[in-house]
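Chains, contacts and geometry: an overview
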Amino acid sequence: MEKTYLGQIEQGITKVMVYYIDSGYFLEFYTNDRVMAECELLDDDHVWRELKMRGFKKSFRKVILSML
């Protein structure tokens, strides 16, 4: 899988790295610089729902969507 880096955002000890892949988007969730989860998501709606499910605030989700 080839990934194109789109950006990252940090909030406290949490960091989310955002990539574009052929099938949509790929997110990596870090806590204390350790990968805690990785997600392949089809579109921006899936990205929004995944971030909401993980408890990220609306303003944080909007920043990530602006990277897509």
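Residues numbered from 1 in each chain as written. Predicted model: local features only at pLDDT ≥ 70, side-chain atom pairs only at ≥ 80, totals over all residues. Heavy atoms only, no water.

**Observations concerning the packing of aromatic side chains**
For the record, the criterion: Stacked, tilted and edge-to-face pairs are distinguished by plane angle, under 30 degrees for stacked and over 60 for edge-to-face with tilted covering the rest, among Phe, Tyr and Trp rings (Trp via its six-membered ring) whose centres lie within 6.5 Å. Under the scheme used here, helices are H or I runs from DSSP no shorter than 4 residues and strands are E runs no shorter than 2 residues, and both carry numbers assigned from the N terminus. A simple rule labels every residue: compare its accessible area, found with a 1.4 Å probe on the protein chains alone, to the largest value its type can have, and call it buried under 20%, exposed over 50%, or partly exposed in between. Placement of a charge over a ring requires the Lys NZ or Arg CZ to be within 6 Å of the ring centre, with the centre-to-atom vector within 35 degrees of the ring normal.
Inspection of the entire model under this criterion finds five aromatic pairs. Taking 5.8 Å as the distance between ring centres and 65 degrees as the angle between the ring planes, the aromatic pair formed by Tyr 5 and Tyr 19 counts as edge-to-face. Of this pair, Tyr 5 sits in strand 1 (residues 4-11) while Tyr 19 is found in strand 2 (residues 14-21), placing the two residues 14 residues apart along the sequence. For Tyr 5, a relative accessible area of 45% corresponds to the partly exposed category. A relative accessible area of 11% places Tyr 19 in the buried class. Summarising the aromatic geometry, the rings of Tyr 19 and Phe 26 are spaced 6.3 Å apart at their centres and angled 55 degrees between planes, so their arrangement reads as tilted. What makes Phe 26 buried here is its relative accessible area of 5%. Taken together, the ring pairs connect Tyr 5, Tyr 19 and Phe 26 into an aromatic cluster. We note Lys 3 situated over the ring of Tyr 19; from NZ or CZ to the ring centre the distance is 4.5 Å.

**Some thoughts on the sheet that holds strand 1**
What counts, and what does not: When DSSP locates at least two bridges between a pair of strands, those strands are taken to pair. Fitted lines through C-alpha atoms serve as axes, helices being fitted only where they are in contact, and the angles separating the N-to-C directions of these axes extend from 0 to 180 degrees. By the convention used here, residues are in contact when the closest approach between their heavy atoms is within 4.5 Å.
Taking strand neighbours across the sheet as the criterion, the four strands line up as 1-2-3-4 in an open arrangement whose pairing is antiparallel. If you trace the sheet from one side to the other, it starts and ends with strand 1 and strand 4 (34-41), each paired once. Direction aside, neighbouring strands of the sheet carry axes that sit 15 degrees apart on average. Across seven bridges, strand 1 lies against strand 2 in antiparallel orientation. Bridged to Gln 11 within strand 2 is Thr 14. Running at roughly 20 degrees to strand 3 (residues 24-31), helix 1 (residues 44-53) makes contact with strand 3 and strand 4 of the sheet.

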